[in-house]
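# Observations on chain architecture
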Amino acid sequence: MNTSKQNAYQPTIMVIENEVSNRLLIERVLSTRGYRCISASNGRDALEMLDRERVDLVLTDLSMPVLDGYQTTQLIRARPGMQQVPIVAVTAFALNDEGEAARQIGCTEYLTKPFKPRQLLEVVERLLHRSA
């Protein structure tokens, strides 16, 4: 017996986070709502994954080695088909101008660590619903 839940589309979220514990927490929270997560520990790896994967939303740390979240966001936005994909900056920097800087380089939203799982889910669900 097939249920509509089995046939429902499962949105894919890319999690770009260099801290393993943070990455695992985000993945766990999102998977409880049925999201498929793909992960990268830095911007360069994320860009390589985007050559092979289609994503519905990106969560990116701003402070990472190799290629930071600012550069990564700009390079993602420059890719064909990625201009409308929501990108959420997830960072420990709580400065007001940091959020504005993230938006100026192409982030759709800004989420400050530490955050409650409910906050993460609210942002993701609102953006996926709006972009659907």
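Residues numbered from 1 in each chain as written. Predicted model: local features only at pLDDT ≥ 70, side-chain atom pairs only at ≥ 80, totals over all residues. Heavy atoms only, no water.

The name that an unreviewed UniProt entry assigns to the protein is Response regulator, with the source organism given as Dictyobacter halimunensis.

## Overview of the packing of helix α3 (residues 43-50) against helix α4 (residues 69-77)
Between α3 and α4, whose axes approach to 9 Å, the crossing angle comes to 20°. By the angle class used here, α3 and α4 are roughly parallel. Crossing geometry of α3 relative to α4 is assigned as right-handed. Judged by residue contacts, Gly43, Leu47 and Leu50 of α3 engage Thr72, Leu75 and Ile76 from α4. Of the residues assigned to the contact of α3 with α4, the class counts are four nonpolar, two polar and no charged. (Axes fitted to C-alpha atoms, helices over the stretch in contact; angles between N-to-C directions. Helix = DSSP H or I, 4+ residues; strand = E, 2+ residues; numbered from the N terminus. Parallel < 35°, antiparallel > 145°, perpendicular 65-115°, else oblique. Left-handed = near helix turned anticlockwise from the far one by under 90°. Contact = heavy atoms within 4.5 Å. Nonpolar A, V, L, I, M, F, W, Y, C, P; charged D, E, K, R; others polar.)

## Re the sheet that holds strand β2 (residues 36-40)
Ordered by their spatial adjacency, five strands build an open sheet running β2-β1-β3-β4-β5, and the pairing between neighbours is parallel. Two strands close off the open sheet at either side, each with one partner strand: β2 and β5 (109-112). Across the sheet, the mean angle from the axis of one strand to that of its neighbour is 20°, orientation sign disregarded. Two elements, strand β1 (residues 12-16) and strand β3 (residues 57-61), share four bridges in a ladder whose sense is parallel. When the bridges of β3 are listed, Met14 appears paired with Val58. (Pairing = 2+ DSSP bridges.)

## Some points on the UniProt feature "modified residue: 4-aspartylphosphate" (unreviewed entry) in the protein
Following the UniProt record, the feature "modified residue: 4-aspartylphosphate" (unreviewed entry) maps to Asp61 here. Here Asp61 is to be found in strand β3. On the accessibility criterion, Asp61 (5% relative accessible area) is buried. (UniProt positions renumbered as here; feature names shortened; annotations may be inferred. Buried < 20%, exposed > 50% of the residue type's maximum accessible area, 1.4 Å probe, protein only.)

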